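Structural description and commentary
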Amino acid sequence: MSALFQELAYSETAIGALSLRRRKDLSLGIDIYEIKLDDDFLMSSLFTEGEVALANLGLGAHRGTGLDVIVGGLGLGYTAAAALDHPALGSLVVIDALPAVIDWHRRGLVPLGRRLADDPRCTLAQGDFFALALARLLSGTPSGQVDAILLDIDHSPANVLHPSHAALYTQAGLGSIAAQLRPGGVFALWSND
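How each quantity is defined
Every chain's residues receive numbers from 1 upward, in the order its sequence appears when written. Side-chain atom pairs in this predicted model are given and counted only at pLDDT of 80 or more, local residue features only at pLDDT of at least 70, and totals for whole chains, interfaces and linings cover all residues. Note: side-chain values were computed over all heavy atoms of the structure, leaving out hydrogens and water. By definition, any uninterrupted DSSP run of H or I lasting at least four residues is a helix, any uninterrupted run of E lasting at least two residues is a strand, and each is numbered from the N terminus. Atoms counted for the radius of gyration: C-alpha only. Globule rule: 2.2 Å times the number of residues to the power 0.38. Two residues qualify as a contact provided that any one of their heavy atoms is within 4.5 Å of a heavy atom in the partner residue. Throughout, the Shrake-Rupley method with a 1.4 Å probe supplies accessible areas, and for residues the shown protein chains are the sole cover considered. Note on classification: 1.4 Å probe, protein chains only; a residue is buried when its accessible area is under 20% of the maximum for its type, exposed when over 50%, partly exposed between these limits. Working definition: rings of Phe, Tyr and Trp (its six-membered ring) pair if their centres are within 6.5 Å, and the pair is stacked with planes under 30 degrees apart, edge-to-face with planes over 60 apart, and tilted otherwise. A pairing counts as a salt bridge when a side-chain nitrogen of Lys or Arg comes within 4 Å of a carboxyl oxygen of Asp or Glu. Without a salt bridge and with relative accessible area above 30%, a residue can belong to a patch; like charges are then joined within 9 Å and nonpolar side chains (Val, Leu, Ile, Met, Phe, Trp, Tyr) within 5 Å. The charge count includes Lys and Arg as positive and Asp and Glu as negative, but it does not include His or the ends of the chains. Here the site of a charge means NZ on Lys, CZ on Arg, CG on Asp, or CD on Glu.

So, on to the overall build of the protein. Regarding its fold elements, the protein presents 6 helices and 9 strands. Relative to the compact-globule value of 16 Å for 193 residues, the protein shows a C-alpha radius of gyration of 16 Å, a close match. The principal-axis extent of the C-alpha atoms belonging to the protein is close to 50 × 35 × 30 Å. Within the protein, contacts between residues at least 6 apart in sequence are counted, and of these 59% link residues at least 24 apart. As displayed, the protein offers around 9200 Å² of accessible surface, 54% of which is attributable to carbon and sulfur atoms.

Quick look at the structure:
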């Protein structure tokens, strides 16, 4: 049996104190993994339906196969794992601004970490998704385009984690996303609103 509460990792980042913790829920008999930024809960392994639905609905809206997909935001990896499970997926690049989050996955500190880090179709890349999107540099493909972009970072377009993110949720920002999609491409985002 695990400890009732354990902080697995902690680091100071440019956007605040980042922590990964695991707690035992005695009523459910499971370990729950949580990511916090300062006092704000970013993700919990107890509530993952939205992340899974983002991948399933986003990729399900595309009619192609062998899809090249970008996920903005790694978190606990549920969006990325659902994308890997999708039968149409060809390749996946997951972009996260925080090196610590990528490290947690590579070290297997989170339940899906090793699965994502070890899958040859999946690349975990450190970078500022928003800056890359606005500069039209998300894709490493020769055409500069992908089939789907799934965004799971902010709470909503009106409730962003950092003020610089707001520029993406404008007509010009969304135009930058659209320019990086192949014909028939899909952009989907998770929102708490």
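After that view, the rundown keeps rolling.
This brings us to the side chain of H105. Inspection of the secondary structure assignment puts H105 in helix α3 (residues 99–106). Since its relative accessible area comes to 0%, H105 is described here as buried. When residues no more than four places from it in sequence are discounted, the contact partners of H105 are L74, G75, L76, G77, V110, L112, G113, R114, L116, A117 and L124.

As a further point, take the packing of aromatic side chains. On inspection of all chains with the given rule, the structure shows 2 aromatic pairs. Arranged with centres 5.6 Å apart and planes meeting at 85 degrees, the rings of F129 and F130 form a pair that is edge-to-face. Overall, F130 belongs to the buried group, its relative accessible area being 3%. Measuring from ring centre to ring centre gives 6.4 Å for F130 and Y169, while their planes differ by 65 degrees; the resulting arrangement is edge-to-face.

The next point concerns α3. Taken together, the buried positions of α3 are A100, V101, I102, W104 and H105. Among the structural elements, β1 (5–13), β2 (16–25), β3 (30–37), β6 (89–96), α4 (113–118) and β7 (122–126) are those in contact with the buried residues of α3. The first or second residue beyond α3 is G108, which carries a positive phi of 75 degrees.

Take the pattern of salt bridges next. Scanning all chains against the criterion turns up 9 salt bridges. We note a salt bridge from R23 to E34, for which the minimum N-O separation is 2.8 Å. In this pair, R23 sits in strand β2 while E34 sits in strand β3, placing the two residues 11 residues apart along the sequence. By relative accessible area, which is 26% here, R23 ends up partly exposed. Residue D103 pairs with R107 through a salt bridge whose shortest N-O separation is 2.9 Å. By relative accessible area, D103 is classed as partly exposed at 32%. Salt bridges sharing partners connect three or more residues here, namely R21, R23 and E34.

This part is about a nonpolar patch on the surface. On the surface, a cluster of nonpolar side chains totalling about 330 Å² of accessible area is made up of L4, F5 and L26. Take L26: it is sitting in the loop between β2 and β3.

Take a negative patch on the surface next. On the surface, a cluster of negative charge is made up of E12, D38, D39 and D40. Its place among the elements puts D39 in the loop between β3 and β4 (40–44).

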